[in-house]
Amino acid sequence: MKVLVATQKPFSAAAVKGIKDIIEQNGHECVLLEKYAEQADFVAAVADVNAIIIRSDKVTAEVLEAAKNLKIVVRAGAGFDNVDLEAATAHNVVVMNTPGQNSNAVAELALGLMVFMARTQFTPATGSELQGKRLGVQAYGNVGRLVGQKAKALGMEISALDPFLTDEQIVAGGADPVHSVEELYGASDYLSIHIPALPATIKSIGYDLITRMPKGATLINTARKEVIDEEGLYKALEERQDLKYVSDVMPDNYDVLREKFGLRVFATPKKMGAQTAEANMNAGLAAARQICDFFATGNTRFQVNK
Ligand code: 3PG
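If you're wondering where the values come from, they're calculated on a predicted model, not measured in any experiment. (Residues numbered from 1 in each chain as written. Predicted model: local features only at pLDDT ≥ 70, side-chain atom pairs only at ≥ 80, totals over all residues. Heavy atoms only, no water.)

Re the site of the ligand
No. 1: Surrounding the ligand, one finds K9, R55, S56, R75, G77, A78, G79, N102, R224, K271 and A274.
No. 2: The separation between an oxygen atom of the ligand and a polar side-chain atom of R55 is 2.9 Å.
No. 3: Between N102 and the ligand, the recorded distance is 2.9 Å, taken from a side-chain N or O atom to an oxygen atom.
No. 4: Relative to its free-state accessible area of 320 Å², the ligand is covered by the protein chains to the extent of 94%.
No. 5: Here the residues of the shell around the ligand are counted per class, giving two nonpolar, four polar and five charged. (Near = heavy atom within 4 Å. Polar contact = N/O pair within 3.5 Å; in protein donor to acceptor, adjacent residues only side chain to side chain. Areas by Shrake-Rupley, 256 points an atom, 1.4 Å probe, with all protein chains shown as cover. Nonpolar A, V, L, I, M, F, W, Y, C, P; charged D, E, K, R; others polar.)

Details of the packing of aromatic side chains
No. 1: One pass over the full model with this rule turns up five aromatic pairs.
No. 2: Through successive ring pairs, a cluster of aromatic residues spans F116, F122 and F266.
No. 3: The ring of Y207 has K235 sitting right over it, with the charged end atom 4.1 Å from the ring centre. (Phe/Tyr/Trp six-rings, centres within 6.5 Å; stacked < 30°, edge-to-face > 60°. Lys NZ or Arg CZ within 6 Å of the ring centre and 35° of its normal.)

Comments concerning the side chain of D248
No. 1: Within the secondary structure, D248 sits in the loop between β11 (244-247) and α11 (254-261).
No. 2: Despite its burial, D248 remains without a salt bridge, the nearest opposite charge being carried by K271 at 6.7 Å.
No. 3: Here the side chain of D248 touches T268 through a polar contact of 2.7 Å, side chain to side chain.
No. 4: Apart from residues lying up to four places away in sequence, D248 is in contact with L109, L113, N221, T222, T268, K270, K271, M272 and G273. (Helix = DSSP H or I, 4+ residues; strand = E, 2+ residues; numbered from the N terminus. Buried < 20%, exposed > 50% of the residue type's maximum accessible area, 1.4 Å probe, protein only. Lys, Arg positive; Asp, Glu negative; His and termini not counted. Salt bridge = Lys/Arg side-chain N within 4 Å of Asp/Glu carboxyl O. Contact = heavy atoms within 4.5 Å.)

Quick notes on the sheet that holds strand β12 (residues 265-267)
No. 1: Taken in spatial order, the seven strands make up an open sheet running β8-β7-β6-β9-β10-β11-β12, and their pairing is parallel. Among the strands making up the open sheet, the edge pair consists of β8 (176-177) and β12.
No. 2: In the sheet, strand β10 (residues 218-221) pairs with β11 via four bridges, with the strands oriented parallel. Paired with N221 across the strands is S247, a residue of β11. (Pairing = 2+ DSSP bridges.)

Focus on the nonpolar core
No. 1: If you look at the biggest cluster of nonpolar residues, it comprises 55 residues, and the most contacted ones within it are L135, Y185, I193, I205 and L219.
No. 2: Broken down by element, the residue count for this core peaks at ten residues, all from helix α5 (residues 103-118).
No. 3: For I193, the residues in contact, after removing those within four places along its chain, are Q138, Y185, I205, L219, I220, N221, T222, A223, V227 and I228.
No. 4: With 23 residues, the next largest nonpolar core counts I22, I23, A288 and I291 among its residues. (Core = buried A, V, L, I, M, F, W, Y, C linked by side-chain atoms within 4.5 Å.)

Side note on the state of the cysteines
No. 1: Using the criterion set out here, one finds zero disulfides in the structure.
No. 2: Looking at the unpaired C292, the closest cysteine sulfur is the one in C30, lying at 9.4 Å. (Disulfide = S-S within 2.5 Å.)

Considering the packing of α5 against helix α6 (residues 142-153)
In a packed pair of helices, the relevant descriptors are the angle between the two axes and the axis-to-axis distance.
No. 1: The N-to-C vectors of α5 and α6 enclose an angle of 50°; their axes lie 8 Å apart at closest approach. Looking at the two axes, α5 sits oblique to α6. You can see that α5 and α6 cross each other, and the crossing is right-handed. Along its contact with α5, which presents S103, N104, V106, A107, E108, A110 and L111, the element α6 presents N142, V143, L146, V147, K150 and A151. (Axes fitted to C-alpha atoms, helices over the stretch in contact; angles between N-to-C directions. Parallel < 35°, antiparallel > 145°, perpendicular 65-115°, else oblique. Left-handed = near helix turned anticlockwise from the far one by under 90°.)

Things to note about unusual backbone geometry
No. 1: At N92, a residue that is not glycine, the phi angle is positive and equals roughly 60°.
No. 2: As for its placement among the helices and strands, N92 is situated in the loop between α4 (85-90) and β5 (94-97).
No. 3: Phi is positive for A139, which is not a glycine, with a value near 90°.

Structural notes on helix α1 (residues 13-25)
No. 1: Between its first and last C-alpha atoms α1 spans 18 Å; for 13 residues at 1.5 Å apiece the expected length is 18 Å, and the two agree.
No. 2: Against the buried residues of α1 lie β1 (2-7), β2 (29-34), β3 (51-54) and α12 (277-297).
No. 3: At the C-terminal side of α1, G27 shows a positive phi close to 85°. (Expected span 1.5 Å × (residues − 1).)

Some words on the environment of M272
No. 1: If you trace the backbone, M272 turns up in the loop between β12 and α12.
No. 2: Accessibility expressed as a relative area gives 38% for M272, which makes it partly exposed.
No. 3: Taking the C-alpha atoms as reference, M272 lies 9.0 Å from A105; in sequence the two are 167 residues apart.

Thoughts on the layout of surface pockets
No. 1: Estimates place the volume of the second largest pocket at around 710 Å³.
No. 2: What lines the second largest pocket is a set of 21 residues, and nearest its centre among them are S56, K58, E226, V249 and K271.
No. 3: Along the lines of polarity and charge, the residues of the lining of the second largest pocket split into three nonpolar, six polar and twelve charged. (1 Å grid on protein atoms, 1.4 Å probe; cavity = no way out; pocket = protein on both sides within 12 Å on 5 of 7 lines; lining within 4 Å. Points joined across faces, edges and corners; volume = space filled by probe spheres on them.)

Just geometry here; none of it tells us what the structure is for.
Okay, here's the thing in structure tokens:
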């Protein structure tokens, strides 16, 4: 089988070698398409491949249409909002993710961004400490739970909201359960977002929620920019001079936000939460193994378009 690794934002060289080794040791061929300039380059590269490993690369209906021999796409990472699941299912293509494999990297970045903002973006201005502050975690899954547990070690109080977990599970994960977004935002000095981008969550965080946050609060987004209502964010920051926003996913209106609100906002130029040597290795190798296992045994354990 021919496996394409299509990564506009490439894995580390060591991870690519590991992926290649696994694929070749299992008797398959591995081809690479890295740092491609246009989506058309991706479409052109899939014509004869049987499997694709991607990161945030866009597997659109056009890609699926062009990939006549495609059987499986593995998103090396957690979020699969970049894959057209309906089109994949219509083309009989199995889509998987690699849950948990890059969570630690994202969680560490969320904490780093919190410190960065608490210390006024590492300028000499007097900052504040995380100890004793309350952190709200919106969705207590693989990433959220790690953020909560690490923040607890820094002396923060943790609240978590997760409709898929019982109170007991949240407590076992080290947090105080909260049952509504209003309650969560209303009590959190720091609020870390870990919800996926879905029709129900897109633009779900806007003016009403953000302005519920206590004085001096910081909103941290290492999830997806789409979950923020950017106009609402702007309005909230304009009205509440004490609030801050930090994001690993640059908002479309970042230049305007930065100009207007200066050090109260920050966004990384390119999504970098999962961009560590360890996460590249964990997610990349897991993706390669899942593909080989799928071809050898039909294992669909991590399929997301069932
Ligand atoms: C994920 O959903 O796993 C993260 O957002 C990482 O995305 P990336 O592989 O494009 O860095």
